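# Structural characterization, general
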Amino acid sequence: MPPLLVCRGCRAACVGDGVPDVPRRRGGRLCPPLFSVCFPFQNMLQWTKTAREGTSVADLNTDIRFIKGVGETRAKALEKLHIRTLGDLISYYPRRWEDRTKLFPIRDLPEGEYACCRAMLAQEPTAHRISGGQTVVKVRAVDEGGVLDITFFHQEYRKNALHRGETYIFYGRAEGGGIRRRMANPLLEKEGGQQLTGRIMPVYPLTAGITQIMMAKAVRQGLDECRDLPEDVLPDEIRRAHHLCYAGFALENIHFPTSPEALDTARRRLVFEELFLLSCGLSLLRQRRESVHGLPCRAADMSDFYAALPFALTAAQRRAIGDAVGDMTSGRPMNRLCQGDVGSGKTMVAAACVWFAARSGWQSALMAPTEILARQHYENLAPLFARFGLRCALLTGSTPARERRGILEGLQAGDIALCIGTHALLTEDVTYNALGLVITDEQHRFGVDQRSALSRKGSSPHLLVLSATPIPRTLALIIYGDLDVSVIDELPPGRQPVDTFVVGEKYRLRLNAFIRKQVAEGHQVFVICPLVGEEDDLPDERKAVTAYARQLREKTFPDLRVSLLHGRMKAGEKEKVMAAFAAGESDILVSTTVVEVGVDVPNATLMVVENADRFGLSQLHQLRGRVGRGKAQSYCVLLSDTQNPETRRRLKALAATNDGFRIAEEDLKLRGPGDFFGSRQHGLPTLKAADLSCDMPLLAEARDAAQTLMAADPRLTAPEHAVLRRRIQALFDLNEGTLN
Ligand code: ADP
Ligand code: MG
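Sequence order as written defines the numbering, with residues in each chain counted from 1. All chains are assigned letters beginning at A, and all ligands numbers beginning at 1, according to the order in which they are written. The predicted origin of the model limits local features to residues at a pLDDT of at least 70 and limits the giving and counting of side-chain atom pairs to 80 or more, whereas totals for whole chains, interfaces and linings rest on all residues. Values reported for side chains reflect all heavy atoms of the structure, with hydrogen atoms and water molecules removed beforehand.

## Things to note about the pairing of strand 20 (residues 462-467)
Put simply, the rule is: Residue exposure (1.4 Å probe, protein chains only): buried if accessible area is under 20% of the type maximum, exposed if over 50%, otherwise partly exposed. Secondary structure elements follow DSSP: runs of H or I of four or more residues count as helices, runs of E of two or more count as strands, with numbering from the N terminus. Here, a strand pair is defined by DSSP locating no fewer than two bridges between the strands.
Of all six residues that make up strand 20, six are buried, and the element is covered over most of its length. Side chains H462, L464 and L466 of strand 20 all project onto a buried face; the interleaved residues L463, V465 and S467 project onto the opposite face, where all are buried too. Across five bridges, the pairing between strand 15 (residues 335-340) and strand 20 is parallel. Bridging across to strand 20, C338 finds its partner in L466.

What follows is the structure in structure tokens.
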């Protein structure tokens, strides 16, 4: 009696060899109600077995040290990958997969690529000493039409482990063409071993002390020992409506796919799930925010404030101020992101909010990522507020103790209306009398933790975040989570756009002359290099910033003042160099991208970017925003000798427009959203499965599904959504204060 098989994808049962009576597609087996779910039928069978009657000893919270074959030492190493429990282990997804299913005859092995072949050892292996005292083991293997010469480095044991006449599957990168090939350090196993070859192998991100094989074994063991599958968080109707497979199938096949189709199916499900959870979570966060009472602000006539400004605000600035003021009087805490291109005048929007809050007796805190920026804000804003009798203070790490005491007293007494500072504002002993508004500038330098630490100093104060990084709308929601967004899409009048040029190396001499000319006219110049230090193994060391600065200083411009700034300098040093440049004490600042964030040096009129092709467009745009802040015409020169037509097109596109949003859209199209995420701390759960450079369509789908669900059950209180709700809570760590 053949066994009864049940498809875990659609629960269709069939009898026999696992081939349900359905049409075939792409050589796979289809289950009509749920396309593609039944492809890897055998594997589904295996999964079913495991889940029902396997070794089944552990639950998801089991410490991995108790998983067979893991143990203390490996558990310690795995901890570095944030794998602590069985649940962590099985949701540690591979970074990529290697298809080792296809066997090539030796003569057809693709040159320079990893591939498998089946071959017999034609001789006993021989060992040779080579310089450095190493031993290499050599052996020749053959198949019907080819010869494969294999060399093992650092594997002396192979000499006695391999024998003439034995047949193995080798997996490695073949060198050479024709019928004689070479392979160094291939993986090998007996045919049918199925551990290393003959299947699609996961490739995990690793850490010291863990190898791919260990990792794969641990995961295999973990999956086998799992008593319960993780509960399926997707409500069944959503799973079906979006043609998604079960969680168990997805987990099995994301690690050990039985076919490329199974992998697709698994990945699609996990990505969808991740984005769906994210969307639902954001919706819950928003609701929670809406249930909190905002500090009340009285309506006030802004025209008094406007009248005190030396210029008329742009319509976009007024709009953003209107949004913010609306939030502050709404009875809910403001939680707004104000996005505007560099130089669009976000500071004035912040100032207007400070003024407005002060009208109702609230104090404000403005946090900047660096001391120079904080000081700059202070110098701009203190005189402005003084006219209204509002006192400002500057509090940074280098504020002298006595002055600091005075400021703390002023804040506690409520005499200071606006405190501008750096992280120093977060220190325990800073307390406010009535903190009503918290503003952070250049938000991506702050984590959510820091934002909320500052917020906790008041009771649900209004929050305004300023950012110069234009984010396409599609991404803003994910990156900024639950923030409302105002966009300043207009520059103050009279601003001269920065003239941008894309040039090659042969322009170098003219460029040097141009730099001289700018300096002779009393202006300053930024030169940006992509990398730091001489140890970076770039063929052209001039491109390395330290060496480059030295060369400029000693050879090219011995008569000019050249200073150097890079990310490996101590914070204090960086500040010093930057402050000196801002004060006009140097002519040329050679720097890595650390200058990206909003320092205002109106006297700088030329931005030179070396190897411009290595940067994302948005990043280049940010860099360009460092110039063009004064009255003089400013220039940006992008140096690149790249022949890649696509890259050239991108650089040209940048040269053609000064509109940050258009550039960001372009960047997104071309490079995917990696740049926007980068190392940015956005404070939302990290995406493990999703890769937004290719999963944008799925994001839209998942968001739609989430919206529909949340509309029907806004707080996820229905019993069938309990699993979903628990998972979201765990993911977002929904404690009071987070993401406030
Ligand atoms: P960012 O948005 O990059 O933070 P800032 O707020 O630093 O820009 O403003 C850039 C410069 O433009 C400042 O010198 C500021 O005084 C000036 N500015 C801001 N708004 C206006 C305006 N409406 N008209 C003219 N100049 C303005
Ligand atoms: Mg700014």
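## Side note on the nonpolar core
The nonpolar side chains of soluble globular proteins are, as a tendency, buried together. Threshold: Throughout, nonpolar core names a set of buried Ala, Val, Leu, Ile, Met, Phe, Trp, Tyr and Cys residues whose side chains join them through atoms within 4.5 Å. Should any heavy atoms of two residues lie within 4.5 Å, those residues are considered in contact.
In this structure, M215, F272 and F276 are the most contacted members of the largest nonpolar core, which totals 59 residues. Elements represented by at least two residues in this core include exactly helix 2 (71-79), helix 3 (86-90), helix 5 (212-225), helix 7 (247-255), helix 8 (260-290), helix 23 (696-712) and helix 24 (722-732). Looking at which element gives the most residues to this core, the answer is helix 8, with 14 residues. If we ignore the near neighbours within four places in the chain, the residues touching M215 are L78, I83, L89, Y92, Y204, L206 and I210. Judged by nonpolar contacts, the second largest core, of 45 residues, contains Y306, L381, L384 and I439.

## Quick word on the site of ligand 1
The criterion, for reference: Proximity is defined per residue: any heavy atom of the residue falling within 4 Å of a molecule or strand makes that residue near it. Throughout this description, a polar contact denotes any pair of N or O atoms lying within 3.5 Å of each other; where both atoms belong to protein, one of them has to be capable of donating a hydrogen while the other can accept it, and for residues adjacent in sequence the pair is counted only when both atoms sit in side chains. Classification used: nonpolar for Ala, Val, Leu, Ile, Met, Phe, Trp, Tyr, Cys and Pro, charged for Asp, Glu, Lys and Arg, polar for all others including Gly.
Taken together, 15 residues lie around ligand 1, and Q317, G343, K346, T347 and R495 are the ones closest in. A312 has a polar backbone atom sitting 2.9 Å from a nitrogen atom of ligand 1. G345 places a main-chain nitrogen or oxygen 3.1 Å from an oxygen atom of ligand 1. Residue composition of the shell around ligand 1, by class: five nonpolar, six polar and four charged.

## What to know about the side chain of D441
To keep things clear, this is the line we draw: Residues scored as charged are limited to Lys and Arg (positive) and Asp and Glu (negative), so that His and the chain ends carry no count. Salt bridges are defined as contacts in which a side-chain nitrogen from Lys or Arg sits within 4 Å of a carboxyl oxygen from Asp or Glu.
Inspection of the secondary structure assignment puts D441 in strand 19 (residues 435-441). This buried residue, D441, is left without a salt bridge; K346 holds the nearest opposite charge, at 6.1 Å. Polar side-chain contacts of D441 include one of 2.6 Å to the side chain of H377.

## Describing the environment of L491
Tracing the backbone shows L491 in the loop between strand 21 (484-488) and strand 22 (499-503). The exposure class assigned to L491 is partly exposed, which follows from its relative accessible area of 38%. Spatially, the C-alpha atoms of L491 and G343 are 6.9 Å apart, while their sequence positions differ by 148 residues. With residues near it in sequence (within four places) discarded, L491 still touches T314, V342, G343 and S344.

## Some words on the packing of helix 7 against helix 8
Rules: Axes here mean lines fitted to C-alpha atoms, for a helix over just the part in contact, with angles spanning 0 to 180 degrees between N-to-C directions. Oblique is the label for every angle not falling under 35 degrees (roughly parallel), over 145 degrees (roughly antiparallel), or within 65 to 115 degrees (roughly perpendicular). By definition, any crossing whose near helix is turned counterclockwise from its far helix by less than a right angle is left-handed, and any crossing with a clockwise turn is right-handed.
At a minimum axis distance of 8 Å, the contact between helix 7 and helix 8 shows a crossing angle of 120°. Taken together, the axis directions place helix 7 and helix 8 in an arrangement best described as oblique. The element helix 7 and its partner helix 8 pack so that their crossing is left-handed. Contacts between helix 7 and helix 8 involve A247, F249, A250, N253 and I254 from the first element and A262, L263, T265, A266, R267, R269 and L270 from the second. The residue makeup of the contact of helix 7 with helix 8, split by class, is eight nonpolar, two polar and two charged.

## Comments concerning the sheet that holds strand 20
Read from one edge to the other, the open sheet built from seven strands follows the order 17-18-16-19-20-15-21, with strand pairing classed as parallel. Bordering the open sheet on either side are strand 17 (391-395) and strand 21, each of which pairs with just one other strand. On average, each strand axis in the sheet is inclined to that of its neighbour by 20°, with strand direction left out of account. Relative to strand 18 (residues 416-421), strand 17 runs parallel, the two sharing five bridges. The partner of L394 across the bridge, within strand 18, is I420. The strands that helix 13 (residues 401-413) touches are strand 16 (363-367), strand 17 and strand 18; relative to strand 17, the one it contacts most, it runs at about 135°.

## Details of the side chain of H621
Topologically, H621 is positioned in helix 19 (residues 617-624). Here the side chain of H621 touches D341 through a polar contact of 2.7 Å, side chain to side chain. In contact with H621, not counting residues within four places along its chain, are D341, L654, N658, G660 and I663.

## What about the packing of helix 8 against helix 24?
Contact geometry for helix 8 and helix 24: axes closest at 10 Å, N-to-C directions at 80°. Judged on the interaxial angle alone, helix 24 and helix 8 are roughly perpendicular. Facing helix 8, whose interface residues are E273, F276, L277, L278, C280, G281, L282, L284 and L285, helix 24 presents L724, R725, R727, I728, L731 and F732. When the residues that make up the contact of helix 8 with helix 24 are grouped by side-chain class, the tally is eleven nonpolar, one polar and three charged.

## Thoughts on the pattern of salt bridges
Considering all chains together, one arrives at 25 salt bridges under this definition. Where R239 meets D236, a salt bridge forms, and the shortest distance between an N and an O atom there is 3.1 Å. Here the residue R239 and the residue D236 both occupy positions in helix 6 (residues 236-241), the gap between them amounting to three residues, near one helical turn. A relative accessible area of 0% places R239 in the buried class. In this structure, E273 engages R269 in a salt bridge whose closest nitrogen and oxygen atoms are separated by 2.5 Å. On the criterion of helical spacing, the pair formed by E273 and R269 is a turn pair, its members being four residues apart in helix 8. The same class applies to E273 and to R269, which are both buried. Here the salt bridges do not stand alone but share partners, grouping D63, R65 and E72 into one network.

## A word on helix 16 (residues 508-520)
Just so we agree on the cut-off: Here, expected helix span is obtained from the residue count minus one, scaled by 1.5 Å.
Spanning 13 residues, helix 16 covers 18 Å between terminal C-alpha atoms, matching the ideal 18 Å at 1.5 Å per step. The secondary structure elements touched by the buried residues of helix 16 are strand 23 (524-528), helix 17 (545-556), strand 25 (588-591), strand 26 (604-609) and strand 27 (635-639). Backbone geometry just downstream of helix 16 places G522 in the positive-phi region, at approximately 90°.

## Quick look at the packing of aromatic side chains
Where we set the bar: Two aromatic rings from Phe, Tyr or Trp, using only the six-membered ring of Trp, form a pair when their centres are within 6.5 Å; if the ring planes differ by under 30 degrees the pair is stacked, by over 60 it is edge-to-face, and anything between is tilted. Placement of a charge over a ring requires the Lys NZ or Arg CZ to be within 6 Å of the ring centre, with the centre-to-atom vector within 35 degrees of the ring normal.
On inspection of all chains with the given rule, the structure shows ten aromatic pairs. For the ring pair F305 and F388, a centre distance of 6.2 Å and an interplane angle of 25° mean the geometry is stacked. Residue F305 is found in helix 9 (residues 303-307), and its partner F388 is found in the loop between helix 12 (371-386) and strand 17; the two are separated by 83 residues along the sequence. Relative accessible area serves as the criterion here: at 0%, F305 is assigned to the buried category. Residue F388 is classed as partly exposed on the basis of its relative accessible area, which comes to 24%. Across the ring face of Y171, the terminal group of R100 is positioned such that the distance to the ring centre comes to 4.2 Å. Over the aromatic face of Y246 sits the side chain of R239, whose NZ or CZ is 3.9 Å from the ring centroid.

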